[in-house]
Amino acid sequence: MIRRIPWLGIVTFIVLLFVISPLLVIIPTSLTSANYLSFPPEGFSLKWYEKILDRPEFIESFIFSLELAALSAVLSTIIGTLAAMAIHKYKFPGSGFVNALLLSPLTVPSIIIGMAALLFFTRIGLAGTFTGLLITHMLISIPYVVRLTMTGLSAYDYTLERAAYILGASPIQVFRDITLPLLRPAILSGMIFSFLTSFDNVTVSLFLVSPETTTLPMAIFSYMQETLNPLVASVSSVVILLSLVFIYILERVYGLDKLFGTNSHSH
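Here the residue numbering is sequential within each chain, running from 1 through the sequence in written order. Predicted model: local features are reported for residues with pLDDT of at least 70 only, side-chain atom pairs are reported and counted for 80 or more only, and whole-chain, interface and lining totals are derived from all residues. Hydrogens are left out, water is left out, and the side-chain values use all remaining heavy atoms of the structure.

(A) Representation of the side chain of Thr215 in the model. With respect to the helices, strands and loops of the structure, Thr215 is situated in the loop between helix H8 (171-199) and helix H9 (216-226). Only protein chains enter the accessibility calculation, which uses a 1.4 Å probe. A residue is then buried if its area is under 20% of the maximum for its type, exposed if over 50%, and partly exposed in between. A residue is classified by how much of its surface remains accessible, and Thr215, at 2% relative accessible area, is buried. In this analysis, two residues are considered to be in contact whenever any of their non-hydrogen atoms come within 4.5 Å of each other. The contact partners of Thr215, leaving out residues within four places of it in the chain, are Ser61, Phe64, Ser65, Leu68, Leu133, Asn201, Ser205 and Val209. Under the DSSP-based scheme used, a helix requires at least four consecutive residues in state H or I and a strand at least two consecutive residues in state E, with every element numbered from the N terminus.

This is the structure:
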């Protein structure tokens, strides 16, 4: 019997290697002892990580990005969860259209969203404000919450709610004691993904930031326009490592496969 070559596995490995190749360059480069970007790194030193503390623009933008991402994640999770539950449970006329509308930012290029947001917010006076930036980050974050919550609802047993109502539970009690506990993994995963989407965003933020609302990715981008040294690699490595931590938490909480609908069974 002729053994088949696992082409799918080979192609997958090549794609994954291409995706993670920047990590294999940026992180080692940030550990160089040289005063210029070099790969392979020349020597080993943590001085470029120490120099981050000497750049207040990075510290301030990091704190701002955390605040923006956290608020965006919380609001996106509330709106996205309630929307997903309404669409899945009630199947009202036009629910399919509403679902497609909520997920549409996943299919529209980020640069188009950024340009449209800039034009719209300029007309209503929100361009360059925290509010405008927050609304746009919520726009691109809500689809992940909706998709993950809908995935969680696909295995949700509504007979549990009906049984609780029969036993005299109020709608608030049912939501608090039955719905939320069962959907908690999906909701928390949506919140984490919303946080990462906001924290790492560059394309949309490029059109909406101002000197008072500069995110960390935009601070890195601006710094690169002036000079290019290992400090850029060290700051980028911090962002990468923080993102990896949240991705690991997301995998442990819910599983990345469910985000893309590749896992048909439920826990």
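(B) Here's a closer look at the packing of aromatic side chains. Between the rings of Phe, Tyr and Trp (Trp by its six-membered ring), a pair exists once the centres lie within 6.5 Å; its type follows the angle of the planes, with under 30 degrees stacked, over 60 edge-to-face, and the other angles tilted. Counted under the stated rule, the structure contains seven aromatic pairs. Ring centres of Phe195 and Phe199 lie 5.8 Å apart, and the angle between their planes is 10 degrees; on these two criteria the pair is classed as stacked. Of the two residues, Phe195 and Phe199 are both situated in helix H8; the distance of four residues between them amounts to about one turn of the helix. Like Phe199, Phe195 is buried. Site record: aromatic cluster; members linked through ring pairs are Phe62, Phe195 and Phe199. Cation placement over rings: the criterion is NZ of Lys or CZ of Arg within 6 Å of the ring centroid and within 35° of the ring normal. One residue, Lys51, lies across the ring of Trp48, its end atom 5.4 Å from the ring centre.

(C) Structural context of the environment of Met138. Looking at the element boundaries, Met138 is found in helix H6 (residues 130-153). C-alpha separation for the pair Met138 and Ile79, spaced 59 residues apart in sequence, amounts to 9.3 Å. In contact with Met138, other than residues within four places in its own chain, are Ser72, Leu75, Ser76 and Ile79.

(D) Expanded view of the environment of Phe207. Within the element layout of this structure, Phe207 appears in the loop between H8 and H9. Overall, Phe207 belongs to the partly exposed group, its relative accessible area being 22%. C-alpha separation for the pair Phe207 and Ala117, spaced 90 residues apart in sequence, amounts to 8.0 Å. Those residues in contact with Phe207 that sit more than four places away from it in its chain are Ile111, Gly114, Met115 and Leu118.

(E) Up close: H8. A rise of 1.5 Å per residue sets the reference length of H8, with its 29 residues, at 42 Å; its end C-alpha atoms lie only 35 Å apart and thus fall more than 12% short of the reference. One axis is fitted to the seven residues ending at the residue and one to the seven starting there. The bend at that residue is the angle between these axes. Roughly 60 degrees is the biggest bend found in H8, and it falls at Arg184, with proline Pro185 one to four residues downstream. To estimate the expected span of a helix, count its residues, drop one, and scale the result by 1.5 Å.

(F) Spatial organisation of the nonpolar core. Grouping buried Ala, Val, Leu, Ile, Met, Phe, Trp, Tyr and Cys residues that are joined through side-chain atoms within 4.5 Å yields what is termed a nonpolar core. Membership of the largest hydrophobic core comes to 15 residues, with the highest contact counts inside it found for Phe58, Phe199, Leu216, Ile220, Leu231 and Val235. Elements with a contribution of two residues or more to this core: helix H3 (56-90), H8, H9 and helix H10 (230-253). Among all residues touching Ile220, those that are not within four sequence positions of it are Phe58, Val232, Val235, Ser236 and Val239. Listed in part, the 14 residues of the second largest apolar core include Ala84, Val146, Tyr156 and Ala164.

(G) Local environment of the side chain of Ser194. Tracing the chain through its elements places Ser194 in helix H8. Contacts of Ser194, omitting those with residues within four sequence positions, involve Ala73, Ser76, Ser141 and Val145.

(H) Expanded view of the pattern of salt bridges. Counted as salt bridges are all cases of a side-chain nitrogen of Lys or Arg within 4 Å of a carboxyl oxygen of Asp or Glu. Applying the stated rule across the entire model yields three salt bridges. The residue Arg55 makes a salt bridge to Glu57 at a minimum N-O spacing of 2.5 Å. Of the residues examined, Arg55 reaches a relative accessible area of 28% and is grouped as partly exposed. When its relative accessible area of 31% is taken as the criterion, Glu57 is described as partly exposed.

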